[in-house]
Amino acid sequence: MHFIFISSLVPVADPASGYDIANRVIVDAIRLLGHKVSVLGFLQPGHVPANPDQTRLLGELEVTNARVGKLQKALWLKDAFVHGEPVSVAKMHAVTAHDIRMALGELAPLDGVVLNSVQLPGAFIEVFSEFPSVFIAHNVEAASAAENARNTSNLLTRFLFDRDARLLSGLESALCAQAGHVFTLAEADRAALGVATNEQSSVLPLVTSVTPPPAPSARAPIYDVGMIGSWTWAANRAGLDWFLGEITPRLPSDFHIAIAGGIATDVPQAPDNIAFLGRVPDARAFIESCRIVPLISRTGTGVQLKTIETFEMGLPSVATKSALRGISVQPENCMVADDPAAFAACLIDMVGRSRAGELLDKDGRNFHALQLDGLKRALSNGLGSMLNKG
């Protein structure tokens, strides 16, 4: 079968963000099932498509708010009101419906489309409704926007998030209704999207790569505690602010703590034992340099790719319950706590044991194998369901 993977941003050769990693893995897993997959979407500047010969680019497009100026943000906001769409969807009108139809014609013949997240599929929903489809909901975007609205004190920002939440809810409902099957990345999102039955939807267990992780090896930690993330995203920033405000004051002052990843210009104030490293050249090497990994998600839906990566690497961690959404098997070297005092106590305990020489690392290859097997099985069943209905 030949499927077209429709995505605002195409899978890239060197994925870094959770969204990019998930896109790359899902496409690779469909190909492992023996299907041909072509990709249609935009390329984020500075990246290279994962499979250029199987990718039809709509052009380059920067979609991250933190990387554009005030004029571009204003133009996106104007387009959102002109089209009556959420801001993230309105960004896709860098092309027209005619451009989309022409691109699909170049890729024909096709057996169905894989509509990845709400942005590009939502902007041109009428075009994609002409084909058998599955819809991949990385998270419940309407719920995330509503939560962002509740968490801001700025009245204009709250109005815009509330508007996005209302419009996203309508688009998500429409995409789910027209899809032959819906995939989510977390069990709770199925009911939240109104597709809770097995006939309507299924969960995709994710991995960070279809290639198995290496066997565990000896590490020489530099930091006691360390984490990496895209801190410009509101849901991730909420977790970081919670960690800095509620957890770090409860930790010993001799703990060496490192925080890697883009954080825009508003770097939080923190004590001298906390280092903000910005973007690091090798994310895996950085996280391996940390004794314990805090998984600090507090809000949002979908799955946390950093949680999956940590478990695949077999690294010891302390996680909130929110960070474990979409995870069916909790590794034995992962402690869970939502209360700040309990979370800090877990970190103190695990760092102390590691400093004393106890080996807390585990072999993450079994976790990876179970996740990948589940991913392929879910994709096979869901794509089959779409074809049967089509």
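For the structure itself, consult the block above.
Position labels on residues start from 1 in each chain and follow its written sequence. Note on the predicted model: pLDDT of at least 70 is required for a residue's local features to be given, and 80 or more for side-chain atom pairs to be given and counted; whole-chain, interface and lining totals, by contrast, use all residues. Excluding hydrogens and water, the side-chain figures rest on all heavy atoms present in the structure.

A. The arrangement of the sheet that holds strand β4 (residues 112-116) in detail. A pair of strands is labelled paired if DSSP reports no fewer than 2 bridges between them. Runs of E in the DSSP output that reach at least two residues are strands. Runs of H or I that reach at least four are helices, and both are numbered from the N terminus. Strand order across the open sheet formed by seven strands is β3-β2-β1-β4-β5-β6-β7, with parallel pairing between neighbours. The sheet is open, and its two edges are formed by β3 (55-60) and β7 (201-203), each paired on a single side. Averaged over all pairs of adjacent strands, the angle between their axes in this sheet comes to 15°, without regard to strand direction. As paired strands, strand β6 (residues 181-184) and β7 are joined by three bridges and run parallel to one another. Within β7, the position partnered with V182 by the bridge is S201. Packing of helix α1 (residues 18-32) onto the sheet brings it into contact with β1 (2-9), β2 (36-43), β4 and β5 (133-137), and relative to β1 it is tilted by some 175°. Whether two residues are in contact is decided by their heavy atoms, any of which lying within 4.5 Å being enough. Angles shown run from 0 to 180 degrees and are taken between the N-to-C directions of axes, each axis being a line fitted to C-alpha atoms and, for helices, limited to the stretch in contact. Across the face of the sheet, helix α14 (residues 365-389) comes into contact with β1, β4, β5, β6 and β7 while running at roughly 155° to β6.

B. Focus on the pattern of salt bridges. For this analysis, a salt bridge means a side-chain nitrogen from Lys or Arg found within 4 Å of a carboxyl oxygen belonging to Asp or Glu. For the structure shown, the criterion picks out 19 salt bridges. Residue D28 pairs with R24 through a salt bridge whose shortest N-O separation is 3.2 Å. Pair noted here: D28 and R24 are both in helix α1, with a separation of four residues, about one helical turn. Among the salt bridges present, the one from E187 reaches R190, with a minimum N-O distance of 2.9 Å.

C. Region of the structure containing the sheet that holds strand β13 (residues 334-336). One open sheet holds the six strands; their spatial order is β10-β9-β8-β11-β12-β13, and the pairing between them is parallel. Whereas interior strands pair on both sides, the edge strands pair on one side only; in this sheet they are β10 (274-278) and β13. When the angles between neighbouring strand axes are averaged without regard to direction, this sheet yields 25°. By the bridge criterion, three bridges tie strand β11 (residues 290-295) to strand β12 (residues 317-319) in an arrangement that is parallel. The residue of β12 that forms the bridge with V293 is S317. Packed onto the sheet, helix α12 (residues 305-312) meets β8 (223-228), β11, β12 and β13 and runs at close to 145° relative to β11.

D. A look at the packing of α12 against α14. Following both chains from N to C, one finds α12 and α14 inclined at 130°, their axes separated by 7 Å at the closest point. For the element pair α12 / α14, the angle class is oblique. The residues of α14 that touch α12, namely those facing I308, F311 and E312, are R365, F367, H368 and Q371. For this classification, Asp, Glu, Lys and Arg are treated as charged, while Ala, Val, Leu, Ile, Met, Phe, Trp, Tyr, Cys and Pro are nonpolar and the rest, including Gly, are polar. Residues of the contact of α12 with α14, tallied by class, amount to three nonpolar, two polar and two charged. Roughly parallel covers angles under 35 degrees, roughly antiparallel covers those over 145, roughly perpendicular covers 65 to 115, and oblique covers all other angles.

E. Just helix α4 (residues 97-107), in detail. Only protein chains enter the area calculation, which uses a 1.4 Å probe; residues under 20% of their type maximum are buried, those over 50% are exposed, and those in between are partly exposed. Those residues of α4 lying buried are I100, A103, L104 and L107. Down the axis of α4, the sector holding all buried residues measures 100°, keeping them to one side. Turned more than 90 degrees away from the buried face of α4 sit H98 and E106, all of them exposed. Looking at the buried side of α4, the elements it contacts are β1, β2, β3, α5 (119-123) and α6 (125-128). An arc is given here, and it is the one of the directions from the helix axis to the C-beta atoms.

F. Expanded view of a nonpolar patch on the surface. Here, patches come from residues exposed beyond 30% relative accessible area and free of salt bridges, joined within 9 Å for like charges and within 5 Å for nonpolar side chains (Val, Leu, Ile, Met, Phe, Trp, Tyr). Areas reported as accessible are Shrake-Rupley estimates using a 1.4 Å probe. Residue values count occlusion only from the protein chains shown. Side chains of F81, L156 and F159 sit close together on the surface and give an oily, nonpolar patch of about 330 Å² of accessible area. Of note, F81 is situated in helix α2 (residues 70-83).

G. Up close: the packing of aromatic side chains. Any two of the Phe, Tyr and Trp rings considered here, Trp counted by its six-membered ring, make a pair once their centres fall within 6.5 Å; the pair's planes then place it as stacked at under 30 degrees, edge-to-face at over 60, or tilted in between. One pass over the full model with this rule turns up three aromatic pairs. Taken together, a centroid distance of 6.0 Å and an interplanar angle of 50° make the contact between Y223 and F286 tilted. With Y223 in strand β8 and F286 in helix α11 (residues 283-288), the pair connects residues that are 63 residues apart, well separated along the chain. The pair Y223 / F286 is uniform in exposure class, with both members buried. On the basis of an interplanar angle of 90° and a centroid distance of 5.6 Å, the ring pair of F311 and F367 is categorised as edge-to-face. In this pair, F311 sits in helix α12 while F367 sits in helix α14, placing the two residues 56 residues apart along the sequence. According to the relative accessible area criterion, F367 is buried, its value standing at 9%. For the cation-ring pair, R163 lies above F81, with the distance from its terminal atom to the ring centre recorded as 4.1 Å. Charges are assigned to positions over rings by a cutoff of 6 Å between ring centre and Lys NZ or Arg CZ, combined with an angular limit of 35 degrees from the ring normal. Cation over ring: R298 sits above W242, and NZ or CZ is 4.3 Å from the ring centre.

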